[in-house]
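# Structure at a glance
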Amino acid sequence: MRSGRFNVTVTAFAISIAIISALFIKAAGAEGYTFTSLGLIVLWISGIIFLIHYVSVTNRNLLLFLQSFRFHDSTIEFNRIKKFPFQLIYDEFNRIIQEFKLLKQEKELEHQYYEHVVKHANTGLIAWDELERITLINDTAKSTLKIPFVATLGGLAGTSKGMPDELRKLDPGIKKLLRINIGNEIIPLSVNLSRFKLENRSINLVALNDLRNELEENESDAWQKLMRILNHEIVNSLSPIKLVSSALSSKVESMNSRDPETRDISGEIREGLKAIHNRSAGLLRFIEDYKAITDVPKPELRNISVHELVLSVVSLVKGTIVPDKIELRVDGNAEDLLILADKDLIEQVLINLIKNSVYALRETTSPVISIRGFQGNKGKGIVLQDNGCGIPFNIRDFIFMPFFTTKKDGTGIGLSWSRQIMRMHKGRISIDSQEGSGTRILLLFN
């Protein structure tokens, strides 16, 4: 073994130093050996210094090896000269350092992997410590709360005033539904708190899930089921009423009585039956109109140009639905932007939205409606904006509800039908509005 060579070398040095010491003592006691004595002293000192260096080199390398772990240095490599006495040990040092290097790389890759997963998770994540310093906020949370960065839990008040207090009051493991007002939009959030210790620090981790799509889908399904039931029951009841009233009305018309009193009574009956018939027919027409919500045709999806779609809608509504006093403009340059959609259905959605904007602009001094395509990190789609009266805060939760309308002659199905169409496109419709400051509507496609 190479360690045996080390023992032989150390022994040889020790014997040599001993012999030199004996020769020095003998030469120092004799006359005429002054220079010989000095030479022997030099050899003796050199031998001791070399022996000390030879023995201590292993200690130095061992210290260097241990320090490489202390300072996380995996670049060091020990001497590989074969004549080195402890080459087996140094080879082992090198092997351990290489394994440490590989382990360090694996940990870094694992850290990057989990960091990437957290960053791009569909669930929003926010973590803060006992001093309420934000230690983690991923992209989904930033997108949901519409913030680029926040340093402390209290900083979330800039997004939604009461949100920090709501998060502080959460109990671990208990889900809670929060409805927060971000900008001019009310967003329902499902939040769940976890609490754990990390290096003697108490960490609070909150998972945020935007429930808009889920609630919209459930709400739409519930309304559709209700509408089908109502349609069935009302139609079954009204159809015979309409037929019977029509038949009785015809029979009364055919009666020819000379008695004035009988004629008056038959006239009243005739008018009453006519009113019943007309009202029944009106209710049946009403039901037919609302079938649009439950009988939405399946979209025929294909890539269409947003620019061409917008220009087509503008040509349809300008001068007809949109009066000349309203400026209708196409903003931006989305000539190359394509969306996967049914052109006819999305055209009708845009027409419905433009009708609402025209109604909101009826008392605006310089009315403007602008339409443009957009593409960003959240997806791509169409933005329609007006500078009308806006939507009052107290009715924003009801605007997509079937039958709800603020117009005297409105049916209340336009926005509900439009949201249904967007859902069938795997997209969504979002409205950002403030009373007195106009409305911005976003049609978002995947």
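Whatever comes next refers back to the structure up there.
What this report covers is the structure whose coordinates are included nearby. Numbers given for residues are sequential positions, taken from 1 along each chain in its written order. Local features in a predicted model are, by the rule used here, given only for residues with pLDDT of at least 70; side-chain atom pairs are given and counted only at 80 or more, and totals for whole chains, interfaces and linings are based on all residues. Heavy atoms from the whole structure form the basis of all side-chain values; hydrogens and water molecules are not counted.

## Quick notes on the overall build of the chain
The number of helices and strands found in the chain is 10 helices and 12 strands. Burial status across the chain gives 37% buried among its 446 residues. To be clear on the numbers: accessible area is Shrake-Rupley with a 1.4 Å probe, and residue cover counts the displayed protein chains and nothing else. Total accessible area on the chain stands at roughly 27100 Å², and carbon and sulfur atoms take up 56% of it. Numbering goes from the N terminus for both helices and strands, where a helix is a DSSP run of H or I of at least four residues and a strand is a run of E of at least two. Per-residue accessibility, obtained with a 1.4 Å probe over protein chains only, is compared with the maximum for each type, and a residue is labelled buried under 20%, exposed over 50%, and partly exposed between these values.

## Digging into the nonpolar core
Ranked by internal contacts, the top residues of the largest apolar core, which has 41 residues, are I346, I354, I382 and L443. If you tally residues by element for this core, the top one is helix 9 (residues 343-360), at 8 residues. Not counting the four nearest positions on each side in its chain, I354 is found in contact with V313, V317, V322, I369, I371 and L384. Grouping buried Ala, Val, Leu, Ile, Met, Phe, Trp, Tyr and Cys residues that are joined through side-chain atoms within 4.5 Å yields what is termed a nonpolar core. Residues W128, V150, L170 and V191 belong to the second largest nonpolar core, which totals 22 residues. By the convention used here, residues are in contact when the closest approach between their heavy atoms is within 4.5 Å.

## Examining the sheet that holds strand 7 (residues 327-330)
Through backbone hydrogen bonds, the strands of a sheet pair up, either in parallel or in antiparallel fashion. On the basis of which strands lie adjacent, the open sheet formed by 5 strands has the order 7-9-10-12-11 and mixed pairing. Two strands close off the open sheet at either side, each with one partner strand: strand 7 and strand 11 (428-433). The average angle at which neighbouring strand axes cross in this sheet is 15°, direction not considered. By the bridge criterion, 7 bridges tie strand 10 (residues 379-386) to strand 12 (residues 439-445) in an arrangement that is antiparallel. At least two bridges found by DSSP between two strands is the condition for calling them paired. Helix axes are fitted to C-alpha atoms over the stretch in contact, other axes to C-alpha atoms as well, and angles between N-to-C directions run from 0 to 180 degrees.

## Notes on the sheet that holds strand 2 (residues 134-137)
Taking strand neighbours across the sheet as the criterion, the 5 strands line up as 2-1-5-4-3 in an open arrangement whose pairing is antiparallel. Only two strands of the sheet have a single partner each, and these edge strands are strand 2 and strand 3 (176-182). Here the average twist between neighbouring strands, direction ignored, is 30°. The pairing of strand 3 with strand 4 (residues 185-198) spans 7 bridges and is antiparallel.

## Focus on the side chain of D386
Relative to the elements of secondary structure, D386 occurs in strand 10. When charges are counted, neither His nor the chain ends are considered; positive counts come from Lys and Arg and negative counts from Asp and Glu. Here, a salt bridge means any Lys or Arg side-chain nitrogen found within 4 Å of an Asp or Glu carboxyl oxygen. We note that D386 is buried and unpaired, the nearest opposite charge coming from R362 at a distance of 9.9 Å. Looking at D386, its side chain comes within polar contact range of the side chain of S357, at 2.8 Å. Once residues within four sequence positions are removed from consideration, D386 is found in contact with S357, L361, V368, I369, G438 and T439. Any N or O atom pair separated by 3.5 Å or less is treated as a polar contact, with the protein-specific requirement of one donor-capable and one acceptor-capable atom, and with residues adjacent in sequence counted only for side-chain atom pairs.

## Comments concerning the layout of surface pockets
Estimated volume of the second largest pocket: approximately 790 Å³. Looking at the second largest pocket, it is lined by 33 residues, and the ones nearest its centre are N356, T405, T406, K407 and L415. For the lining of the second largest pocket, the elements supplying multiple residues, two or more each, are helix 9, helix 10 (414-424) and strand 12. In terms of residue class, the lining of the second largest pocket is made up of 16 nonpolar, 12 polar and 5 charged. As defined here, a cavity is a set of points on a 1 Å grid over the protein atoms alone where a 1.4 Å probe fits but cannot get out. A pocket is an open set with protein on both sides within 12 Å along at least five of seven lines, and residues line them when an atom is within 4 Å of a point. Grid points are joined across faces, edges and corners, and a volume is the space filled by probe spheres set on the points. Ten residue types, Ala, Val, Leu, Ile, Met, Phe, Trp, Tyr, Cys and Pro, are classed as nonpolar, four, Asp, Glu, Lys and Arg, as charged, and the remainder, Gly among them, as polar.

Keep in mind that these numbers describe shape and distance, not what the molecule does.
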